[in-house]
Amino acid sequence: MLTKQKDDFAKWYNDVVLGADLAEYSPVKGCMIIKPYGYAIWENIQKAMDIEIKKLGASNAYFPLFIPEKFLKKESEHVEGFSPQVAWVTHGGNKKLQERLAIRPTSETIMYDVFKNWIQSYRDLPLKINQWANIVRWEMRPRLFLRTLEFLWQEGHTAHATKEEADEMAESALRMYQGFAQDWLGIYCVPGKKTEAEKFAGALYTLSVEALMKDGKALQMGTSHQLGQNFSKSFGIQFLDEKGRKNYVWQTSWGVSTRMIGGLVMAHGDDKGLILPPKIAPYQIVIIPISQDGLVKNHISKIEKSLKEIRFITDNRIQQTPGWKFNEWELRGVPLRIEIGPKEVKENKITFVLRNNLKRQTIDFKQFNPKKLLDSLQKELLAETKNFTEENTHQVKSYSEFKEIINKKGGFIRTYWCGDSKCEKKIQEETKATIRCIPMRQKNKNGRCIKCGKESKLEVFFAKAY
Ligand SMILES: [Zn+2]
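Just so it is clear, the structure is predicted and the values come from calculations on it, not from any experiment.

With that out of the way, let us pick up the nonpolar core. Within the largest apolar cluster, 61 residues are counted, with the highest numbers of intra-cluster contacts made by Leu22, Ile45, Met49, Leu185, Met221 and Met260. Considering every element that reaches this core, the biggest residue donor is helix H6 (residues 163–183), with eight residues. Residues from two domains meet in this core; each of domain 1 (21–268) and domain 2 (285–373) gives at least three. Ranked by size, the runner-up nonpolar core spans 25 residues in total, among them Phe71, Val86, Met111 and Ala203.

With mixed pairing, 11 strands are arranged side by side in an open sheet as E3-E7-E8-E14-E11-E10-E9-E22-E25-E21-E20. Two strands lie at the open edges of the sheet, namely strand E3 (59–60) and strand E20 (393–394), each paired on one side alone. Here 10 bridges tie strand E7 (residues 127–136) to strand E8 (residues 150–160), and the two strands are oriented antiparallel to one another. Paired with Lys128 across the strands is Thr158, a residue of E8. Where helix H5 (residues 108–118) meets the sheet, it contacts E7, E8, strand E11 (218–228) and strand E14 (250–257), and its direction lies at approximately 155 degrees from that of E7. Against the sheet, helix H13 (residues 399–408) makes contact with E20, strand E21 (412–416) and strand E25 (459–463), and its axis sits at roughly 165 degrees relative to E21, the strand it touches most.

When its domains are assigned, the chain resolves into domain 1 (21–268), domain 2 (285–373) and domain 3 (393–463). In this complex, domain 1 contributes 17 residues to the contact, which on the side of domain 3 involves 14 residues. Both sides together, the interface formed by domain 1 and domain 3 hides about 1200 Å², and carbon and sulfur atoms give 66% of it. Counting every contact that joins domain 1 to domain 3 gives two salt bridges.

Consecutive residues of a regular strand have side chains that alternate between opposite faces of the sheet. Counting buried positions over the 11 residues of E8 gives 10, a clear majority of the element. Sheet topology note: the E8/E14 ladder contains eight bridges and is antiparallel. Bridge pairing links His157 to Ser253 in E14.

Another point: the packing of aromatic side chains. Aromatic ring pairs are described here by two measures, namely the spacing of the ring centres and the angle between the planes. One pass over the structure, following the stated rule, counts 16 aromatic pairs. Judged by centre distance (6.0 Å) and plane angle (50 degrees), the rings of Phe63 and Trp118 are tilted. Of this pair, Phe63 sits in the loop between E3 and strand E4 (66–68) while Trp118 sits in helix H5; the two residues are 55 residues apart in sequence, bridging distant segments of the chain. Of the residues examined, Phe63 reaches a relative accessible area of 6% and is grouped as buried. Since its relative accessible area comes to 41%, Trp118 is described here as partly exposed. Relative to Trp153, the ring of Phe151 has its centre 5.9 Å away and its plane inclined at 80 degrees; by these criteria the two rings are edge-to-face. Like Phe151, the residue Trp153 is buried in the burial classification. Put simply, the rings of Phe63, Tyr112, Phe115, Trp118 and Phe231 pair up and form one aromatic cluster.

What follows covers the coordination of the zinc ion. Coordination sphere of the zinc ion, protein contribution only: Cys418 (SG), Cys423 (SG), Cys449 (SG) and Cys452 (SG), at 2.3 to 2.4 Å. Its four donor atoms give the zinc ion angles of 103 to 117 degrees at the centre, a pattern that matches the tetrahedral case. Site description for the zinc ion: donor spacing in sequence, C-x4-C-x25-C-x2-C. Within this pair, whereas Cys418 is found in the loop between E21 and helix H14 (421–431), its partner Cys452 is found in the loop between strand E23 (447–448) and strand E24 (455–456), the two being separated by 34 residues in sequence.

On to the side chain of His160, then. Residue position: His160 is located in strand E8. For His160, a relative accessible area of 2% gives the class buried.

Calculation criteria
Residues numbered from 1 in each chain as written. Predicted model: local features only at pLDDT ≥ 70, side-chain atom pairs only at ≥ 80, totals over all residues. Heavy atoms only, no water. Core = buried A, V, L, I, M, F, W, Y, C linked by side-chain atoms within 4.5 Å. Buried < 20%, exposed > 50% of the residue type's maximum accessible area, 1.4 Å probe, protein only. Helix = DSSP H or I, 4+ residues; strand = E, 2+ residues; numbered from the N terminus. Domains from an automatic or database assignment. Pairing = 2+ DSSP bridges. Contact = heavy atoms within 4.5 Å. Axes fitted to C-alpha atoms, helices over the stretch in contact; angles between N-to-C directions. Buried area = accessible area lost by both parts, 1.4 Å probe. Salt bridge = Lys/Arg side-chain N within 4 Å of Asp/Glu carboxyl O. Phe/Tyr/Trp six-rings, centres within 6.5 Å; stacked < 30°, edge-to-face > 60°. Donors = N, O, S within 2.8 Å, 3.2 Å for Na, K, Ca; no water. Tetrahedral: all angles 85-135°; square planar, octahedral: opposite > 155°, others 65-115°.

Here it is, written out as structure tokens:
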């Protein structure tokens, strides 16, 4: 039995991840094993996103897992931000290394050391490289998919001649992530800018897309950093412009990870388990025979032949009852279930159930249009998360109301902030809520900082976050 969401959301989450066979714990504490069903979701994400990444003009490449310590130390903010989480290799075989090697917590430094050789002139710009890789960050409080010592991701790294081009690149990457989260994962997102306290270590500024999970906590779905010239100055990445002058390049980096799978679970799941958006579901349809009758088999093979370009599975196992199978595939979030028994055979009909509403419907075989059903389910999931986000985005009149909502209901609080990191820090200490982002769309109205009362035009989204 699954834990109910309202009883213990964290336990429900673990039950679903393990029960739906997405992943399991590994013998190495804090790491996880992504099982074939979970990995198939990641593969579908990769396939779709890789196309989007290439549309941005980036090419895939691969860089070493190990980073010499001196590289990490070159950009001071960067090393300070990452050092508490870095895993180090100190020995090669039995021999102590002359210089420790970091296992990449992110690849800026190992990449930019060669970018300085790849970039000589303005003709070499823009340079856009993407890498699909694993990353290691030593997490103290691991959670399956959400925080693990090792995870999978993509990281885009670009270099440009001007600040404006790098700004545009950082924004394009963010728009791509927002589009991907909404169109493919069916998860509504709020795009915005991070505060100084929340930005990437070494960036000029960080952009992110934030989504609200069903427990009212926010999850960062993707980030994009305008790195300015911080790294190009540390690594000496210069180019000759058209007039023969030497300039430092402007850079960006951007990434999403297997965390998004955790987001899928928490944005759509219910008390019966996972609900997968059809576009990335390993199986979009499951067909369940209600009896082992030969005529039922024939009817099913007729249906199978009609399912062109649809990922489906027919569950022919004879040890389990149909009811057991219904529960199993509901837990695993298959978007559409087809049930075929003697009645369907006799009347040339199809009985089906959509995973989000679980209503059983029977229609004529000729009228059955699975593509249309899957398309509308995909859209409904996005509409549901959008409604949920809007319903759970609160306006508050006072700081005491702020605290009450954050503690009791959760969700986003859209309010004003003076811009002072002291107020931000105090709010975090007192409520555990952080500024998730400064939304792109500002109303430009006058308000007052929710903490200190100072006049401000700056609207922000607060939430407790993963
Ligand atoms: Zn303030």
